[in-house]
Amino acid sequence: MNDFLSRLRYRLSVFMQGRYGMDHLNRVLLISYFVLYLIQRFKPNRALYYLSTVLLIYTLFRILSRNVSKRYQENVKFESAWRNVTGFFKDFSFDKLKDRFSQAKEYHIYKCPRCRQKIRIPRGKGHIMVKCPKCAFEFHKKS
Ligand SMILES: [Zn+2]
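Residues numbered from 1 in each chain as written. Predicted model: local features only at pLDDT ≥ 70, side-chain atom pairs only at ≥ 80, totals over all residues. Heavy atoms only, no water.

(A) Layout of the overall build of the protein chain. The number of helices and strands found in the protein chain is five helices and four strands. Relative to the globule expectation of 15 Å for 143 residues, the C-alpha radius of gyration of the protein chain, 28 Å, shows a markedly less compact shape. By principal-axis analysis of the C-alpha atoms, the protein chain measures approximately 85 × 40 × 30 Å. Restricting the contact set of the protein chain to residue pairs at least 6 apart, pairs at least 24 apart contribute 39%. If you average the places of the 30 positive and of the 9 negative side-chain charges in the protein chain, the two averages end up 6 Å apart. (Helix = DSSP H or I, 4+ residues; strand = E, 2+ residues; numbered from the N terminus. Rg over C-alpha atoms; globule rule 2.2 N^0.38 Å. Contact = heavy atoms within 4.5 Å. Lys, Arg positive; Asp, Glu negative; His and termini not counted. Charge placed at Lys NZ, Arg CZ, Asp CG, Glu CD.)

(B) Geometry of a nonpolar patch on the surface. Taken together, the side chains of Val85, Phe88, Phe89, Phe92, Phe94, Leu97 and Phe101 make up a nonpolar region of the molecular surface, amounting to roughly 780 Å² of accessible area. Listing elements by their share of the nonpolar patch, those giving two or more residues are α4 (68-91) and α5 (94-106). (Patch = residues over 30% accessible without salt bridge, like charges linked within 9 Å, V, L, I, M, F, W, Y side chains within 5 Å. Areas by Shrake-Rupley, 256 points an atom, 1.4 Å probe, with all protein chains shown as cover. Salt bridge = Lys/Arg side-chain N within 4 Å of Asp/Glu carboxyl O.)

(C) Layout of the coordination of the zinc ion. Only Cys112 (SG), Cys115 (SG), Cys132 (SG) and Cys135 (SG) from the protein coordinate the zinc ion, and they sit 2.2 to 2.3 Å from it. Viewed at the metal, the four donor atoms of the zinc ion are separated by angles of 105 to 112 degrees, and the geometry they form is tetrahedral. Considered as a linear motif, the donors of the zinc ion on their single chain read C-x2-C-x16-C-x2-C. One end of the pair, Cys115, is in the loop between β1 (107-111) and β2 (118-122); the other, Cys132, is in the loop between β3 (127-131) and β4 (138-142), and 17 residues separate them in sequence. Taking relative accessible area as the criterion, Cys132 reaches 2% and is therefore assigned buried. (Donors = N, O, S within 2.8 Å, 3.2 Å for Na, K, Ca; no water. Tetrahedral: all angles 85-135°; square planar, octahedral: opposite > 155°, others 65-115°. Buried < 20%, exposed > 50% of the residue type's maximum accessible area, 1.4 Å probe, protein only.)

(D) Representation of helix α3 (residues 46-64) within the structure. Here α3 contains 19 residues, and its C-alpha end-to-end distance of 27 Å stays within 8% of the 27 Å for a straight helix at 1.5 Å per residue. Along α3, the residues classified as buried are Ser52, Leu55, Thr59, Arg62 and Ile63. Down the axis of α3, the sector holding all buried residues measures 100 degrees, keeping them to one side. Facing away from the buried side of α3 by more than 90 degrees, the exposed set consists of Arg46, Ala47, Val54 and Ile57. By the N-cap criterion, in which a side-chain oxygen at the helix start approaches the backbone nitrogen of a residue two or three places on, α3 is capped by Asn45, the distance to Ala47 being 2.9 Å. (Expected span 1.5 Å × (residues − 1). Arc of directions from axis to C-beta. Polar contact = N/O pair within 3.5 Å; in protein donor to acceptor, adjacent residues only side chain to side chain.)

(E) Representation of unusual backbone geometry. The backbone of Arg116 sits at a positive phi, close to 65 degrees, despite the residue not being glycine. Position of Arg116 among the secondary structure elements: in the loop between β1 and β2. Classification of Arg116 as exposed rests on a relative accessible area of 52%. At Ala136, a position not held by glycine, the phi torsion is positive, near 65 degrees.

(F) A look at the domain arrangement of the protein chain. According to the domain assignment, the protein chain consists of domain 1 (2-92) and domain 2 (100-142). The distance between the C-alpha centroids of domain 1 and domain 2 comes to 51 Å. (Domains from an automatic or database assignment.)

(G) Region of the structure containing the packing of α3 against α4. Where α3 meets α4, the closest approach of the two axes is 9 Å, and the angle between their N-to-C directions is 125 degrees. Looking at the two axes, α3 sits oblique to α4. The residues of α4 that touch α3, namely those facing Tyr58, Phe61 and Arg62, are Arg71, Glu74 and Asn75. Of the residues assigned to the contact of α3 with α4, the class counts are two nonpolar, one polar and three charged. (Axes fitted to C-alpha atoms, helices over the stretch in contact; angles between N-to-C directions. Parallel < 35°, antiparallel > 145°, perpendicular 65-115°, else oblique. Nonpolar A, V, L, I, M, F, W, Y, C, P; charged D, E, K, R; others polar.)

Next comes the structure, spelled out in C-alpha cells:
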C-alpha cells in the first residue's frame, strides 16, 4: 500500500513537471468551488451548478497550465486585489462609521474656493467667516 502511494506520488510529480501547480488564486478558486458546490447540493440551482463546474475547470486549467509565467502574473494581480479587499475589511469598524455619521450631522464640509482644500465647519452657526488653513483665503459661509 505504501509502495502504491509512493509510486502514485512519483507519477504525479512526473506529470506535474513543467506545470504551474497551486498558488493563492487557485486555493481561493478551489474553496469558492467547494462552497458553491455545497450550496447547490443543499439547494439545487442550475446556475450555481454550472458556475461551480466552470470554476473547477478553470482551476484545473490553471494548475495544469504549462504557461507558468502567465499564471504567475495572474496570481500577482490577484494578490494585489486581495490585499485591497482584506485591507478594506481590516480598516472597517462600526465605531468609525458611527463617528463619520455623527460628524456629518454636526459639521459641514466645504471646499476652499481658491485651492479646493476641504474644510470642516460646524453646522448652525449662521453667517461665519471661514479662513482656509492651507492658503489662508477668507470667505463667507452660512452654516
Ligand atoms: Zn484654500
